[in-house]
There are 2 protein chains.
Amino acid sequence: PDAEALKAASARNGMLTKPPGALGRLEELAIWVAGWQGREKPVLERPQVLIFAGNHGIAARGVSAFPAEVTVQMVANFRAGGAAINQLAKCFGATMAVHALELDRPTADFTQQPAMSEAEAVAALRTGWDAVDPAADLVVVGEMGIANTTAAAAIAAALFGGAAEDWVGRGTGVDNHGLKRKAQVVTEGLARHTGLLGDPLQVLRCLGGREIAAMSGAMARARAERIPVVLDGFIACAAAAVLHRAAPGALDHAVAGHQSAEGAHGRLLAALGKEPLLALGLRLGEGSGAALAIGVLKGAVACHSGMATFAEAGVSEG
Amino acid sequence: PDAEALKAASARNGMLTKPPGALGRLEELAIWVAGWQGREKPVLERPQVLIFAGNHGIAARGVSAFPAEVTVQMVANFRAGGAAINQLAKCFGATMAVHALELDRPTADFTQQPAMSEAEAVAALRTGWDAVDPAADLVVVGEMGIANTTAAAAIAAALFGGAAEDWVGRGTGVDNHGLKRKAQVVTEGLARHTGLLGDPLQVLRCLGGREIAAMSGAMARARAERIPVVLDGFIACAAAAVLHRAAPGALDHAVAGHQSAEGAHGRLLAALGKEPLLALGLRLGEGSGAALAIGVLKGAVACHSGMATFAEAGVSEG
């Protein structure tokens with residue numbers, strides 16, 4: 001972030017026509033955006049929503065309430081404008097792009113071998129990197145991929161420790177048997193790749209998925225472009241966690257958009273040191289919770305950049 | 001609310017391309033708006049923000065961190081477009097109207113006599129009633145009035161019991177001495193009018209203020225017009241609480257937009273049985289927290305009314 005912009009924005013915040021601190025977290029959000037955008041009065045006029053879709057070998061293990069063909073069906077729904085994220089992107093004035101990553105070639109079952117080869121992981125990271133519009137002023141990264149809460153749980157367990165049971169949740173709605181299968185699959189995956197799990201990028205390659213790697217790539221690119229990122233739910237945060245473990249401060253440009261109803265999302269946010277803006281019980285993915293939080297960020301920036309100062313308005317400072 | 005619209009909206013919600021319940025609270029919000037608007041697919045295209053301003057006799061008792069002249073100065077700021085609420089209303093596509101209620105004639109000091117005569121209270125209620133645009137599809141009611149957290153605390157204590165200390169907070173930022181003065185003023189007010197406090201409308205008249213009565217009037221009118229209301233902070237909720245105590249179900253058309261940082265707002269929301277949509281530490285008034293929540297409601301309605309069904313999109317239901 002730009003130190004001068006941070007300082008100027010912070011000074012401006014103290015002069016606006018409100019009691020000190022009365023806009024609560026909106027104040028720190030606006031100053032944070034100012035720092036990343038490098039201007040005293042930030043704007044949020046070109047938010048970009050990026051959705052990555054991938055298929056998973058472990059879907060065949062019965063870890064999801066939905067069949068694997070739903071991934072490609074939902075990509076068609078995104079492209080036709082019928083999904084929740086389409087409505088939210090439109091509602092908050094964001095552009096939206098959907099990237100389907102080789103849906104007809106699922107990753108390998110990670111209980112048997114690494115989910116991706118090195119070339120596959122790099123290609124997926126690169127898809128995410130290339131997807132970011134350098135002219136965007138905010139980026140939301142979302143996903144679709146039947147079985148990917150299981151992959152995300154495996155990544156989280158590998159990066160932060162704990163038992164598989166600590167990280168698996170009901171995803172799109174599995175029953176208790178499905179939940180046990182998820183834990184079993186995660187446990188097997190961790191055991192299979194145990195020698196490689198000290199390296200966050202190997203965690204991503206061995207246990208992740210193409211859409212998860214693409215999300216990591218997009219978040220890293222946004223950082224390089226100094227574009228603030230809004231984190232979505234459990235799976236997006238698993239992608240973010242790879243960067244967090246790979247390089248301290250790698251998520252300084254990211255804010256947690258919401259806390260999902262997926263069981264372990266709160267634990268994952270805590271591991272990332274992020275306090276969510278919203279907690280409304282969403283558990284859909286697609287970037288939906290993060291997109292909803294665009295409204296909060298727009299409100300924060302609108303107040304900061306648009307309000308009159310005490311001097312301009314002729315209001316007594318108390 | 002319209003029972004048929006509720007039923008149709010609820011059925012529609014179950015057919016949309018998402019796992020059941022995956023949009024969390026957005027689903028119940030959209031169905032609730034559908035019921036009040038009387039249509040299966042609600043819209044939020046004409047939100048109205050109403051700001052009422054009043055002055056208080058008790059301001060002379062040193063209960064605020066700001067001088068009383070700030071009320072009229074902030075009204076000028078609202079009219080010039082420089083306040084936080086102007087930016088938020090614009091950000092979420094709301095119209096905004098400001099009603100200043102006899103600012104040069106503060107209410108009486110309620111520790112000495114009723115804050116308002118019956119005629120004054122009725123005139124203020126009427127101002128609020130008349131301010132609502134029957135064509136609005138959502139209403140946010142906000143306020144400005146130096147010393148009005150003290151009046152709101154007195155109302156809350158009279159309606160729900162408890163000690164003055166349970167209901168007073170730091171408002172715009174009083175120190176510990178100011179906080180003690182607030183509690184003292186509330187205690188004196190409750191003692192002065194003790195015989196009248198069984199009647200919520202007398203509570204409003206004796207301990208309230210013109211802007212608080214106007215808010216009650218506007219919320220009641222919105223109910224009569226079947227327009228959903230978003231509740232703002234502590235003071236707006238005190239105005240709402242008068243209706244709640246006067247008639248069971250009087251706030252069925254209202255949702256809590258946010259929980260403010262003002263100490264007793266959580267307690268007041270609990271007394272109203274309302275779960276806030278946002279909790280971002282705001283404590284500004286002006287309808288600001290409720291206006292921010294318009295974004296959440298717009299997102300909820302956009303998803304509900306715009307998404308494709310499983311059948312329309314050709315997505316498997318799992």
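Just so we're clear, the structure is a prediction, and the values are computed from it rather than from any experiment.

So, on to the sheet that holds strand β5 (residues 254-256) of chain A. Residues and elements named next belong to chain A. Here we have 5 strands laid out as an open sheet, ordered β2-β1-β3-β4-β5, and parallel in their pairing. Here the strands that pair on one side only, and so sit at the sheet edges, are β2 (95-100) and β5. The sheet shows a mean angle of 25° between the axes of neighbouring strands, taken without regard to direction. Bridge analysis of strand β4 (residues 229-231) against β5 gives 3 bridges, and the strand direction is parallel. Counted as the bridge partner of L231 is A256 from β5.

A few words on the relation of the copies chain B and chain A. Superposition of chain B onto chain A requires a rotation of 180° combined with a translation of 0.0 Å along the rotation axis, giving an RMSD of 0.0 Å. Here the two chains are linked by the operation of a two-fold rotation axis. Identified as the residue of chain B closest to the rotation axis by C-alpha distance is G295 of chain B, at 2.7 Å. Same-surface contact between copies: 100% of interface residues of chain B are shared with the interface of chain A.

So, on to the side chain of D232 of chain B. Residues and elements named next belong to chain B. Along the polypeptide, D232 turns up in the loop between β4 (229-231) and α11 (234-246). Of note is the side chain of D232, whose polar atom sits 3.3 Å from the side chain of H258. Among the polar contacts made by the side chain of D232, one reaches the main-chain amide nitrogen of A290 at a distance of 2.9 Å. Sequence-distant contacts of D232, that is, excluding residues within four places in its chain, are made with V141, C237, H258, H265, G285, E286, G287, S288, G289 and A290.

In this assembly, 50 residues from chain B lie in contact with 50 residues from chain A. Together chain B and chain A conceal approximately 3800 Å² of surface at their shared face, both sides included; 70% is due to carbon and sulfur atoms. At the junction of chain B with chain A, the criterion picks out 0 salt bridges. The interface formed by chain B and chain A contains 14 residue pairs in polar contact (both at pLDDT 80 or more). Elements supplying a minimum of two residues to the side of chain B that touches chain A: α2 (25-37), α3 (69-80), α4 (84-91), α13 (288-306) and α14 (310-313) of chain B. Of the residues in the side of chain B that touches chain A, the class split is 29 nonpolar, 15 polar and 6 charged.

Another aspect to go through is the nonpolar core. Formed by 102 residues in total, the largest nonpolar core has its most connected members in L297 of chain A together with L297 of chain B. Among residues more than four places away in sequence, those in contact with L297 of chain B are L29, W32, V33, L44, L138, V230, V255 and L277 of chain B.

Let's shift gears to the side chain of Q202 of chain A. Residues and elements named next belong to chain A. Assignment of secondary structure puts Q202 in helix α9 (residues 200-207). For Q202, the side chain forms a polar contact with the side chain of R205, separated by 2.8 Å. In this view, Q202 contacts E118 and L196; residues no more than four positions away in its chain are not counted.

The next point concerns the pattern of salt bridges. Residues and elements named next belong to chain A. A full pass over the atoms with the stated rule returns 22 salt bridges over all chains. One salt bridge in this structure joins E118 and R205, with 4.0 Å as the shortest N-O distance. Linking E118 in helix α5 (residues 118-131) with R205 in helix α9, this pair joins segments that are 87 residues apart in sequence. With a closest N to O distance of 2.9 Å, E225 and R221 form a salt bridge. Each member of the salt-bridge network shares a partner with another, and the members are E102, R105, E120 and R210.

Residues and elements named next belong to chain B. Counted at 1.5 Å a residue, the expected span for helix α10 (residues 210-224) with its 15 residues is 21 Å, and the 21 Å between its end C-alpha atoms agrees. Within α10, 12 of the 15 residues are buried, which leaves it mostly tucked inside the rest of the structure. Turning to α10, its buried residues are R210, E211, I212, A213, A214, M215, S216, G217, A218, M219, R221 and A222. A positive phi of about 60° marks R226, the residue just after α10.

Let us now look at helix α2 (residues 25-37) of chain A. Here α2 of chain A contains 13 residues, and its C-alpha end-to-end distance of 18 Å stays within 8% of the 18 Å for a straight helix at 1.5 Å per residue. Here α2 of chain A lies mainly inside the structure; 12 of its 13 residues are buried. Of all the residues in α2 of chain A, the buried ones are R25, L26, E27, L29, A30, I31, W32, V33, A34, G35, W36 and Q37 of chain A. Contact partners of the buried residues in α2 of chain A: α1 (3-15), α10 (210-224), β4, β5 and α13 (288-306) of chain A together with α13 of chain B. With its phi angle positive at about 70°, G38 of chain A sits one or two positions after the end of α2 of chain A.

For the structure shown, the criterion picks out 0 disulfides over all chains. Cysteine C91 of chain A is unpaired, with the sulfur of C303 of chain B as its nearest cysteine sulfur at 8.0 Å. We classify C91 of chain A as partly exposed; its relative accessible area is 28%.

All names here are of chain A. The assigned domain composition of chain A is domain 1 (3-41 + 304-313) and domain 2 (47-298). Each of domain 1 and domain 2 has a C-alpha centre, and the two are 32 Å apart. Contact with domain 1, which involves 7 residues of that partner, is made by 14 residues of domain 2. Taking both sides of the interface into account, the surface hidden between domain 1 and domain 2 amounts to around 920 Å²; carbon and sulfur atoms contribute 71%. Contact with domain 2 buries surface across domain 1, with R25, W32 and W36 losing the most and accounting together for 68% of the total. In this assembly, domain 1 and domain 2 are joined by 0 salt bridges. The tally of links between domain 1 and domain 2 comes to 5 residue pairs in polar contact (both at pLDDT 80 or more). Residues belonging to the side of domain 1 that touches domain 2 are distributed by class as follows: 5 nonpolar, 1 polar and 1 charged.

Definitions and limits used
Residues numbered from 1 in each chain as written. Chains lettered and ligands numbered in written order. Predicted model: local features only at pLDDT ≥ 70, side-chain atom pairs only at ≥ 80, totals over all residues. Heavy atoms only, no water. Pairing = 2+ DSSP bridges. Helix = DSSP H or I, 4+ residues; strand = E, 2+ residues; numbered from the N terminus. Axes fitted to C-alpha atoms, helices over the stretch in contact; angles between N-to-C directions. Least-squares fit on C-alpha atoms with pLDDT ≥ 70 in both. Contact = heavy atoms within 4.5 Å. Polar contact = N/O pair within 3.5 Å; in protein donor to acceptor, adjacent residues only side chain to side chain. Buried area = accessible area lost by both parts, 1.4 Å probe. Salt bridge = Lys/Arg side-chain N within 4 Å of Asp/Glu carboxyl O. Nonpolar A, V, L, I, M, F, W, Y, C, P; charged D, E, K, R; others polar. Core = buried A, V, L, I, M, F, W, Y, C linked by side-chain atoms within 4.5 Å. Buried < 20%, exposed > 50% of the residue type's maximum accessible area, 1.4 Å probe, protein only. Expected span 1.5 Å × (residues − 1). Disulfide = S-S within 2.5 Å. Domains from an automatic or database assignment.

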